[in-house]
Amino acid sequence: MFSEKTVAETRRILKSEDAGGLSGAEVRARQLQYGSNELSEGRQPSLPSRILEQFLDPLIYVLMAAGVVSVCLGEAGDACIIAAVVLLNGTVGLIQEGRAKKALESLKKMTRLKAIVRRDGRIREVDAAELVPGDLVLLDAGRQVPADLRLLESEDLWVEESALTGESSPVEKNARFLAYERLPVGDRKNMAYMSSNVTAGRGEGIVCAVGMDTEIGKIAKLIHEAPEEPTPLQKRLGELGGYLSALAVALCAVLFAVAVLQERDVGEMLITAISLAVAAVPEGLPAVVTIVLALSVSRMVKVNTIVRRLPSVETLGAVNVVCSDKTGTLTQNKMTVDRMIPAGKLLGRRGQEEALVRAFCLCNDAGITEEGGFGDPTELALLEYGNGSRSLEEWKRKFPRVAERAFDSDRKMMTTVHEGAEGRISFTKGAPDVILERCSRYLAENGVRELGPDQKKKILGEVASLSGKAFRVLGAAYREGGRTDEEDLIFLGAAAMEDPPRPEVFHAVELFHRAHVRTVMITGDHSRTAFAVARKLGIASSESQCMSGAEIDRTGDAELKERLRTVAVFSRVSPDHKVRIVRALKSDGNIVAMTGDGVNDAPSLKAADVGIAMGLGGTDVARQAADLVLTDDNFATIEKAMEEGRGIYENIRKAVIFLLSSNFGEIMTMFTAIVLSFPAPLKASHILWINLITDSLPALALGTDVNDGAALMEEPPRRQSESLFSRGGLACTVFYGLLIAAISLAAFFLIPVRSLLAANLAVTPENLTAVLTDPGILARCQTYAFTVLGLSQLFHAVGMRDVERSVFCMNHRENPMMLAALGVGIFLQAAVTEFPHLVALFQTVALTGAEWRELLGLSAFPMVAHEILALTGQKIMKSGIPIRRKN
């Protein structure tokens, strides 16, 4: 750690003791040894590997196996349909695949700059990429630091490091400083780091790290090494796929056992097994979930949120901890004068504010032009305050500067001398305690008065109170006569400045609290400042809720996880600390969102379940590492996006339960008939048609349903372990699945039963089987079952919008897609029995009008059941969020 080494030790370690810098030969040798001063790129997956990943899914394995068996048995139609399903899912997945990993490219762009170096005894400008350890680099105001440097010289050197540390104010650098222990990046006063900016002064440093070995390089490594973890929904769907695959295999095994016992034809049973396997797999589910998430993107845009990774949309709805960087996210990242306090007011009397403001504006090196302001952020804030209602140009004209004494870290003051109409006058600004030591009088409302020890103590008490509230306080004084010895001054008062909280954050934190979501502040700023801002925002109420980066270093993982349950503010933290905090929260069962805008936030944005970056004021690195980007930089937008996320999950849950209840109906229809020694009521192509076409359209409509936002945010976020079948989801799946199976079997046996009754024969399994041996009758019976199965699921979908309310009480105009799905679904189901080409492909028969009326009546049973349950108040499934109610 070079911050702990003297200048001589550093030069000796880096073998750069020549005052004229490295020679050309040494530079070339070191470039071969250390490489370029650039960030390496992470290895990106190839197109073939990305395509292959789309098919690594248990559901796809089952379909592929079914397709192979179909080909072996000569069922070309079924094989083609199954192949089309597999290719469709793979194509959709590839097109909608995650985000582009451009974070390292963005970091690399930040290093493409020039550097002023001392080599071969001469000063020259070179590409920053050519720097090597041991190079001597010159710094001055306005220049970006091109590599990690141990400072050799510094003269009033101030560096802005907010992108790395999160601290908004520039920090003073001191080459003579020596650290006696490992310090956080923001406290290493003798170091200057790549990507930081020099705001004032000048200096010279020796390069001690380049490329990936720099602090920003370590951040790049963290981004690259952060694992790509599945979202909660992806985990649930993955588990579901495993269960359904196991179910498909188990059904096939049972089917073969039945075939052996019933002495059936093995080839026939293989075809039936394929049908059952297909029935167990909701083929449209992956596409439906992906399309629902994709459609939600446009809704998120309306609440000023750009979605960079589709699954993060629903994950946001499950978030129960929001970790936020302070500077630029909770605050405005802009120093602002909160108030001017004349000396008289500090002592409980009245004072002269204009004289105080004039002193701060004239004793000032910042400037304001038509293009904007320039200079030190603190001085610029003072100037902007004075520019609000007064004429700076008039003051400068009346009091031209004739001499000055620059700010010095030892004196902690700055003095300027001006020529006025009544003679020369000097103005001094600096730390209030230092200014007061030099003052013997103060300016009251009615003139100059003596300033005694008790009055100074009272003023310092007021200053301490302001500092405890996260204000940075500067004092000002003047002296007539125009001397710069800074003695016997007249105290004018103080200015209280802050990086103010964003106005919208107060309400957002309150809304999060009501939605049972914790807000945690993570910042590189000092503990006192961080706590003061957190207390003002309602994030923390006691200093016991605060923890520093140094404390994190001394705390083990188990203890950190325990403390995280109460800590709400983390201060003086590094990017490594932020990642560790996020991971500890996740390991404790939390679903974590992380917000930020700086380079130092990028690793934690990637480590969180949902990374949220600021779009306007954020760095490109943070935006590329995030899952969501807020286009208005409004913290309150997160609450609106979270509301959308909760609604999207509820809609996906309804769609999944609808699809699975339909699939369960198909399974029970097939399995019951086979076990009872009857022919299969459905062909594999029938089930694929229903799963892909008839079911998918209403499932999409459920996925885009309208929700009651207020009700959404009153509920606590769902638990990470919550199953898709929780809150009555399993009961709903089983009930409607059995009902659909019952009416489908009723339709299948309708013709055989009527035939037996018409012939005055007993309705027995043997007689039913005998009737079904006629190929023509079997084809018509299968068409009946196929039609009722498809239509009943359409009626079931309408009721799934809200399982607790009658369909006659729903506002169906809010979901026109459901009405369209119902109409299109009925048309498509009719098409497979009426269009000759489809009739041949699906081996169905044409139906008469009377048959259609009868089958429609049977198909409406799920809606009838829904109405009975709704009217009697029986709850099969708790509807997580009701659809919006309108008067």
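Residues numbered from 1 in each chain as written. Predicted model: local features only at pLDDT ≥ 70, side-chain atom pairs only at ≥ 80, totals over all residues. Heavy atoms only, no water.

Peer 1: Describe the overall build of the protein chain, and please don't skip the residues or the numbers.
Peer 2: A count of helical and extended segments in the protein chain gives 37 helices and 25 strands. Looking at the protein chain as a whole, 56% of its 887 residues are labelled buried. Counted over contacts in the protein chain with a minimum sequence separation of 6, partners at least 24 positions apart contribute 73%. (Helix = DSSP H or I, 4+ residues; strand = E, 2+ residues; numbered from the N terminus. Buried < 20%, exposed > 50% of the residue type's maximum accessible area, 1.4 Å probe, protein only. Contact = heavy atoms within 4.5 Å.)

Peer 1: Now, about helix α37 (residues 861–872): what can you tell me, with residues and values included?
Peer 2: In an α-helix, one full turn covers 3.6 residues, which means residues spaced three or four apart are oriented alike. Its 12 residues place the ends of α37 17 Å apart at the C-alpha level, agreeing with the 16 Å of an ideal helix rising 1.5 Å per residue. Of the residues making up α37, those classed as buried are P862, A865, H866, E867, L869 and A870. Residues of α37 that are buried make contact with α31 (729–758), α33 (775–799) and α36 (849–859). (Expected span 1.5 Å × (residues − 1).)

Peer 1: Can you lay out the pairing of strand β15 (residues 423–430) for me, pointing to particular residues and giving the numbers?
Peer 2: Most of β15 sits inside the fold, with six of its eight residues counted as buried. Pairing geometry for strand β14 (residues 413–420) and β15, over eight bridges, is antiparallel. Its bridge partner lying in β15, E419 is registered against R424. Following β14, the chain reverses through two residues before pairing antiparallel with β15. Where β15 lies against strand β18 (residues 472–480), six bridges are found, and the strand directions are antiparallel. Looking at β18, one finds that I425 is bridged to E480. (Pairing = 2+ DSSP bridges.)

Peer 1: Report on the pairing of strand β9 (residues 321–325), specifying residues and quantitative values.
Peer 2: Most of β9 sits inside the fold, with five of its five residues counted as buried. Here β9 shows two buried faces, one formed by V321, C323 and D325 and the other by V322 and S324. As paired strands, β9 and strand β20 (residues 518–522) are joined by five bridges and run parallel to one another. When the bridges of β20 are listed, D325 appears paired with I522. When β9 meets strand β23 (residues 592–596), the two strands line up parallel, connected through four bridges. Across the sheet, residue C323 finds its bridge partner in β23, namely M594.

Peer 1: Got a sec to walk through the pattern of salt bridges? Specific residues and values, please.
Peer 2: Going through the model one piece at a time under the given rule, you end up with 32 salt bridges. Close ionic contact of D120 with R124 constitutes a salt bridge, the shortest N to O distance being 3.9 Å. For R124, a relative accessible area of 28% puts it in the partly exposed group. R780 is the salt-bridge partner of E851, the closest N and O atoms lying 3.0 Å from each other. Highlighted residues: E851 in helix α36 and R780 in helix α33, separated in sequence by 71 residues. (Salt bridge = Lys/Arg side-chain N within 4 Å of Asp/Glu carboxyl O.)

Peer 1: Summarise the nonpolar core; cite the residues concerned and give the values.
Peer 2: Grouped together as the largest cluster of nonpolar side chains are 74 residues, with contacts concentrated most on L316, F635 and M642. Ranked by the residues each element gives to this core, the list is headed by helix α27 (residues 637–675), at 12 residues. Leaving out residues up to four positions away in the same chain, L316 has contacts with M300, V610, I612, L628, I638, A641 and M642. A680, A785, V832 and F842 belong to the second-largest nonpolar core, a separate cluster that totals 40 residues. (Core = buried A, V, L, I, M, F, W, Y, C linked by side-chain atoms within 4.5 Å.)

Peer 1: I'd like a description of unusual backbone geometry, backed by residues and values.
Peer 2: Of note in this structure, E486 is not a glycine but carries a positive phi near 60 degrees. Topologically, E486 is positioned in the loop between β18 and β19 (489–498). According to the relative accessible area criterion, E486 is buried, its value standing at 2%. The backbone phi angle of D633 is positive, close to 55 degrees, even though this residue is not glycine. One can find D633 in the loop between β25 (628–630) and α27.

Peer 1: Which residues make up helix α34 (residues 816–834), and what values do they have?
Peer 2: Here α34 is 19 residues long and its end C-alpha atoms lie 27 Å apart, about the 27 Å a rise of 1.5 Å per residue gives. For α34, the full list of buried residues reads M818, A821, G825, Q829, A831, V832 and T833. Buried residues in α34 make contact with α28 (684–694), α29 (696–703), α33, α35 (836–842) and α36.

Peer 1: If you had to explain the packing of α33 against α34 to someone new, which residues and values would you point to?
Peer 2: Helices that pack against each other are described as a pair by the angle of their axes relative to one another and the distance between those axes. As a packed pair, α33 and α34 sit with axes 10 Å apart at the nearest point and diverge in direction by 180 degrees. Considering the angle they form, α33 stands roughly antiparallel to α34. Note on element contacts: α34 touches α33 through M818, A821, L822, G825, I826, Q829, V832 and T833, opposite T783, F786, T787, G790, L791, L794, A797 and V798. Partitioning the contact of α33 with α34 into residue classes produces 10 nonpolar, six polar and no charged. (Axes fitted to C-alpha atoms, helices over the stretch in contact; angles between N-to-C directions. Parallel < 35°, antiparallel > 145°, perpendicular 65-115°, else oblique. Nonpolar A, V, L, I, M, F, W, Y, C, P; charged D, E, K, R; others polar.)

Peer 1: An account of a nonpolar patch on the surface is requested, with residue identities and associated values reported.
Peer 2: Together, I291, L295 and M817 line one region of the surface with nonpolar side chains, adding up to about 220 Å² of accessible area. Tracing the sequence through the fold places I291 in helix α11 (residues 285–302). (Patch = residues over 30% accessible without salt bridge, like charges linked within 9 Å, V, L, I, M, F, W, Y side chains within 5 Å. Areas by Shrake-Rupley, 256 points an atom, 1.4 Å probe, with all protein chains shown as cover.)

Peer 1: Can you lay out the sheet that holds strand β21 (residues 546–548) for me, pointing to particular residues and giving the numbers?
Peer 2: Strand order in the open sheet formed by eight strands is β8-β25-β24-β23-β9-β20-β22-β21, and the pairing between neighbours is mixed. Of all the strands in the sheet, just β8 (305–307) and β21 have a single pairing partner and so form its edges. Averaged over all adjacent pairs, the angle separating strand axes in this sheet is 20 degrees, with direction ignored.

Peer 1: Just give me the short version of the environment of V771, but keep the residues and values in it.
Peer 2: With respect to the helices and strands, the residue V771 is situated in helix α32 (residues 765–772). Here the alpha-carbon distance between V771 and S755, two residues 16 residues apart in the chain, equals 7.9 Å. Once residues lying within four places of it in the same chain are set aside, the contact partners of V771 are P752, L756 and I777.

Peer 1: Describe the environment of K302, with residues and values.
Peer 2: Looking at where K302 falls in the secondary structure, it is placed in helix α11. With a relative accessible area of 70%, K302 lands in the exposed category. Counting along the chain gives 339 residues from K302 to A641, while the straight-line C-alpha distance between them is 9.6 Å.

Peer 1: Quick rundown of the packing of α33 against α36? Include the residues and the values.
Peer 2: Taken N-terminus to C-terminus, the directions of α33 and α36 make an angle of 50 degrees; their axes are 8 Å apart at the nearest point. With respect to α36, the element α33 is oriented oblique. Between α33 and α36 lies a crossing whose hand is right-handed. Contacts between α33 and α36 involve R780, Y784, T787, V788, L791, S792 and F795 from the former and E851, W852, L855, L856, L858 and S859 from the latter. Counted by class, the contact of α33 with α36 contains eight nonpolar, three polar and two charged residues. (Left-handed = near helix turned anticlockwise from the far one by under 90°.)

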